[in-house]
Amino acid sequence: MSDETVNAGTSPETLARVEELRRELHRHNYRYYVLDDPEISDAEYDRMMQELTGLEKARPELASPDSPTLRVGAPPLSKFNTVAHTLPMLSLDNGFSEGDMHDFDRRVRRKMETDTQVLYTAEPKLDGLAVELVYEDGRLTLASTRGDGIMGEVITENVRTIRSIPLVLRKGKADAVPSRLEVRGEVFIGLNEFRRLNKERLEQDQQPFANPRNAAAGSLRQLDSRITAKRPLDFFAYGIGQVAGAEFSAHWEILSTLKEHGFRINPLTRPQVPITDVIAYYQELAQKRHSLGYEIDGMVVKVDDLAIQKELGVRSRSPRWAIAWKFEATQETTRLLGIDVQVGRT
Ligand code: IVH
């Protein structure tokens, strides 16, 4: 059925208004959640959202999977389907010291048979959950968990509720979107949001989550996406899987392009630096770690040049072109001062 047949009963004015509201709401969403630079007040945003919800309710034929109104969740599933990742979602080798970083750099240079310096892009290692998002002609059509790296669970409806994940790609500098783009990144919950969520759970006699990672995992693996919609999930993109209709030559170019398409990229990313700067960056991150507002558990170092990445290749489960350097586990001693026993509502 063509769009014209579907929308036969809707006036051109209504159709234009619906399209305008969707476009504007996507844009304001991007300004608020990705750029952190809103243009309009929350009240104005809510008014536009209400108007669109009203129009869509009155005319079900206008329904669209890309509508910003769908951030509220969809009817529950009975189970999660599984899907094979087009390209495996690999894990990372770990280093533990400055020496390990120099060894990594030496291995890279030996393999490339070069004495000149190789440039790396270093990023915080986010402590959340890896997901893959598939965009076809700019529209989010599938989202899955990492699973075992080969097969993941389909969580599209849940992912649609995450405000910092675009439902429709922005066109960016090239004024186009790739015909297929698989975006990878980490879903997480910020520390303030985590504390607020746990406070709310305690007030409702629900078990609090042990940490932000568990809260993010529990929220993402909900069969009822309307529950996910109420959880303060956030997302940073850190890479891609398969892509068609775009070409990249450097990891930093990928991250910059993802930003143009509407994704949040970690602002602390250190692009294209030699290994000595990578080591200094680790110390910097370790210092900043507790004032970021979200949990990170180390640093990820990636060879920036994609031709070199390709040359280096992968081992069975991890690439030779990347390495993680985790922070030392923080150990703290606490003293239990007392226990208050209370009677809950139930
Ligand atoms: S890149 C081939 N970048 O770490 C590289 N991973 O052990 C694959 N992670 O499952 C991942 N922050 O959940 C990459 N900036 C980052 C990351 C990151 C966190 C997690 C991710 C992945 C695990 C790999």
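In the block above lies the structure referred to throughout.
All figures in this text were calculated on a predicted structure; none of them were measured in a lab.

1. Overview of the site of the ligand
And then number 1: As a matter of local geometry, the ligand sits amid 15 residues, with Glu-123, Leu-126, Glu-186, Tyr-238 and Lys-302 nearest to it.
And then number 2: Here a nitrogen atom of the ligand sits 3.3 Å away from a polar atom, N or O, in the main chain of Pro-124.
And then number 3: Between the ligand and Lys-302 there is a distance of 3.0 Å, counted from a nitrogen atom to a side-chain nitrogen or oxygen.
And then number 4: Protein contacts shield 86% of the accessible area of the ligand, which totals 520 Å² for the unbound molecule.
And then number 5: Ranked by the residues each element gives to the shell around the ligand, the list is headed by strand S3 (residues 120-126), at four residues.
And then number 6: Grouping the constituent residues of the shell around the ligand by class yields nine nonpolar, one polar and five charged.

2. Quick notes on unusual backbone geometry
And then number 1: In this structure, Asp-36 is a non-glycine residue whose phi angle is positive, near 60 degrees.
And then number 2: By the secondary structure assignment, Asp-36 is in the loop between helix H2 (12-34) and helix H3 (42-58).
And then number 3: Here Asp-36 falls in the exposed class, since its relative accessible area comes to 65%.
And then number 4: We note that Gln-272 has phi near 55 degrees; this positive angle belongs to a residue other than glycine.
And then number 5: In this fold, Gln-272 is placed in strand S9 (residues 270-273).
And then number 6: When its relative accessible area of 36% is taken as the criterion, Gln-272 is described as partly exposed.

3. Some details on the side chain of Asn-266
And then number 1: By secondary structure assignment, the location of Asn-266 is in the loop between helix H9 (251-260) and S9.
And then number 2: A distance of 3.0 Å separates a polar atom in the side chain of Asn-266 from a polar atom in the side chain of Tyr-294.
And then number 3: Beyond its immediate stretch of four places on either side in the chain, Asn-266 contacts Pro-124, Leu-126, Phe-236 and Tyr-294.

4. Examining the packing of aromatic side chains
And then number 1: Taken as a whole and judged by the stated rule, the model has nine aromatic pairs.
And then number 2: With a centroid separation of 5.6 Å and 85 degrees between ring planes, the pair formed by Tyr-135 and Phe-263 is classed as edge-to-face. You can see Tyr-135 sitting in strand S4 (residues 129-136) and its partner Phe-263 sitting in the loop between H9 and S9, a full 128 residues away along the chain. Accessibility classification places Tyr-135 together with Phe-263 in one group, the buried group.
And then number 3: For the pair Phe-188 and Phe-236, a centre-to-centre distance of 5.3 Å together with 15 degrees between the ring planes defines the contact as stacked.

5. Quick look at the sheet that holds S3
And then number 1: Across the sheet, which stays open at both edges, the five strands sit in the order S2-S11-S10-S3-S9 with mixed pairing between neighbours. In this open sheet, the two edge strands, each paired with only one partner strand, are strand S2 (94-95) and S9.
And then number 2: Relative to strand S10 (residues 296-303), S3 runs antiparallel, the two sharing seven bridges. Directly across from Leu-126, in S10, lies its bridge partner Ile-296.
And then number 3: Where helix H4 (residues 98-112) meets the sheet, its contacts fall on S2, S3, S10 and strand S11 (322-326), and the angle it forms with S11 comes to roughly 180 degrees.
And then number 4: Packed onto the sheet, helix H10 (residues 275-288) meets S3, S9, S10 and S11 and runs at close to 20 degrees relative to S3.

6. Looking at H10
An α-helix turns once every 3.6 residues. As a result, residues three or four positions apart point the same way.
And then number 1: Given a rise of 1.5 Å per residue, 14 residues ought to cover 20 Å, and the 20 Å separating the end C-alpha atoms of H10 matches this to within 8%.
And then number 2: Every buried residue belonging to H10 is among Ile-275, Val-278, Ile-279, Tyr-281, Tyr-282 and Leu-285, and all of these are buried. Viewed end-on, H10 has its buried residues packed into an arc of 155 degrees, placing them on one side of the element.
And then number 3: Packing partners of the buried residues in H10 comprise H4, S3, S9, S10 and S11.

7. Focus: the pairing of S3
Put simply, side chains in a regular strand alternate between the two faces of the sheet.
And then number 1: Extensive coverage of S3 is indicated by the burial of seven of its seven residues.
And then number 2: Sheet topology note: the S3/S9 ladder contains two bridges and is antiparallel. Within the sheet, the bridge partner assigned to Tyr-120 lies in S9 and is Val-273.

8. Considering the packing of H4 against H10
Any two packed helices are characterised by the angle at which their axes cross and by the distance between the axes.
And then number 1: Contact geometry of H4 with H10 gives a least axis separation of 10 Å together with a crossing angle of 150 degrees. It follows that H4 is roughly antiparallel to H10 by the angle criterion. Helix-helix and strand crossings are classified by hand; for H4 and H10 the assignment is right-handed. Only Ile-275, Ile-279 and Gln-283 of H10 make contact with H4, whose side of the interface consists of Glu-98, Met-101, His-102 and Asp-105.
And then number 2: Of the residues assigned to the contact of H4 with H10, the class counts are three nonpolar, two polar and two charged.

About the thresholds
Residues numbered from 1 in each chain as written. Predicted model: local features only at pLDDT ≥ 70, side-chain atom pairs only at ≥ 80, totals over all residues. Heavy atoms only, no water. Near = heavy atom within 4 Å. Polar contact = N/O pair within 3.5 Å; in protein donor to acceptor, adjacent residues only side chain to side chain. Areas by Shrake-Rupley, 256 points an atom, 1.4 Å probe, with all protein chains shown as cover. Helix = DSSP H or I, 4+ residues; strand = E, 2+ residues; numbered from the N terminus. Nonpolar A, V, L, I, M, F, W, Y, C, P; charged D, E, K, R; others polar. Buried < 20%, exposed > 50% of the residue type's maximum accessible area, 1.4 Å probe, protein only. Contact = heavy atoms within 4.5 Å. Phe/Tyr/Trp six-rings, centres within 6.5 Å; stacked < 30°, edge-to-face > 60°. Pairing = 2+ DSSP bridges. Axes fitted to C-alpha atoms, helices over the stretch in contact; angles between N-to-C directions. Expected span 1.5 Å × (residues − 1). Arc of directions from axis to C-beta. Parallel < 35°, antiparallel > 145°, perpendicular 65-115°, else oblique. Left-handed = near helix turned anticlockwise from the far one by under 90°.

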